[in-house]
Structure formats: structure tokens, C-alpha cells
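# Geometric and topological summary
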Amino acid sequence: MFGPLEPVSAAQIARNLEFTLAAGVTTVAELGCTAPIARSLRQFTETNPQYGPAIVSAGPIVTAPGGYPCDWLPPRYRKLGIAIA
């Protein structure tokens, strides 16, 4: 989880996946990510199951123009394609 002004960090994502697996969670749902990032994370944990749980991905958030989360999401996240209006 990232705060609204926190930059996306591959290292933090990796730590989150490891901590999740260490807590005994074997599968997680990703709800709101770009397809390339979700695909990369899924391939990483499939190839290296010791580093994270299996990932089921829903892909980017589809919303109305100006709707949630575009009403508060920083522009850099919208540019990444996390939300599509």
C-alpha cells in the first residue's frame, strides 16, 4: 500500500510480497494496477514462489471522468495507467 504522495517503489513492493507470504497468505488479489506491472509481479512470484504469494489481478481501475480515484489520485499514478477514465 502506498500513500497518495508516496512514489511507487519496486523494493517496497518486493518487501510487501515477502511480508505477506511470511504471514501465511498464499494468494492475493491485486485491484488496480497496470497490466504490465501486474504481469511482471505475477511472473516473478510464479518463478520465485519463496518471495511472494500467487497474484490474481483485476487490472486497472475503470471509472467515470473525474470519478474515484481520479478525483484524488496524483497525476503520476494516472499517467502510469492505474486508473482509466
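Residues numbered from 1 in each chain as written. Predicted model: local features only at pLDDT ≥ 70, side-chain atom pairs only at ≥ 80, totals over all residues. Heavy atoms only, no water.

## Topic: the environment of Asn-16
Of note, Asn-16 is situated in helix α1 (residues 10–22). When its relative accessible area of 22% is taken as the criterion, Asn-16 is described as partly exposed. Sequence spacing of Asn-16 and Tyr-51 is 35 residues, and the spatial spacing of their C-alpha atoms is 9.7 Å. (Helix = DSSP H or I, 4+ residues; strand = E, 2+ residues; numbered from the N terminus. Buried < 20%, exposed > 50% of the residue type's maximum accessible area, 1.4 Å probe, protein only.)

## So, the pairing of strand β2 (residues 54–57)
The pairing of strand β1 (residues 27–30) with β2 spans 4 bridges and is classified as parallel. Bridge pairing links Ala-29 to Val-56 in β2. For the crossover that starts at β1, traverses helix α2 (residues 35–47) and ends in the parallel β2, the hand is right-handed. (Pairing = 2+ DSSP bridges. Right-handed = clockwise from strand over helix to strand, strands pointing away.)

## Structural notes on the nonpolar core
In this structure, Cys-70, Leu-73, Tyr-77, Ile-82 and Ala-83 together form the largest nonpolar core, which totals 5 residues. In contact with Ala-83, not counting residues within four places along its chain, are Ile-61, Pro-69, Cys-70, Leu-73 and Arg-78. (Core = buried A, V, L, I, M, F, W, Y, C linked by side-chain atoms within 4.5 Å. Contact = heavy atoms within 4.5 Å.)

## A word on the packing of aromatic side chains
Applying the stated rule across the entire model yields 2 aromatic pairs. The interplanar angle of 20° and the centroid separation of 5.9 Å between the aromatic rings of Phe-44 and Tyr-51 together place this pair among those described as stacked. The class for Tyr-51 is partly exposed, based on a relative accessible area of 35%. Plain terms: the ring middles of Tyr-68 and Trp-72 are 6.2 Å apart, the flat faces sit at 45° to each other, and that makes the pair tilted. Here Tyr-68 falls in the exposed class, since its relative accessible area comes to 55%. A residue is classified by how much of its surface remains accessible, and Trp-72, at 44% relative accessible area, is partly exposed. (Phe/Tyr/Trp six-rings, centres within 6.5 Å; stacked < 30°, edge-to-face > 60°.)

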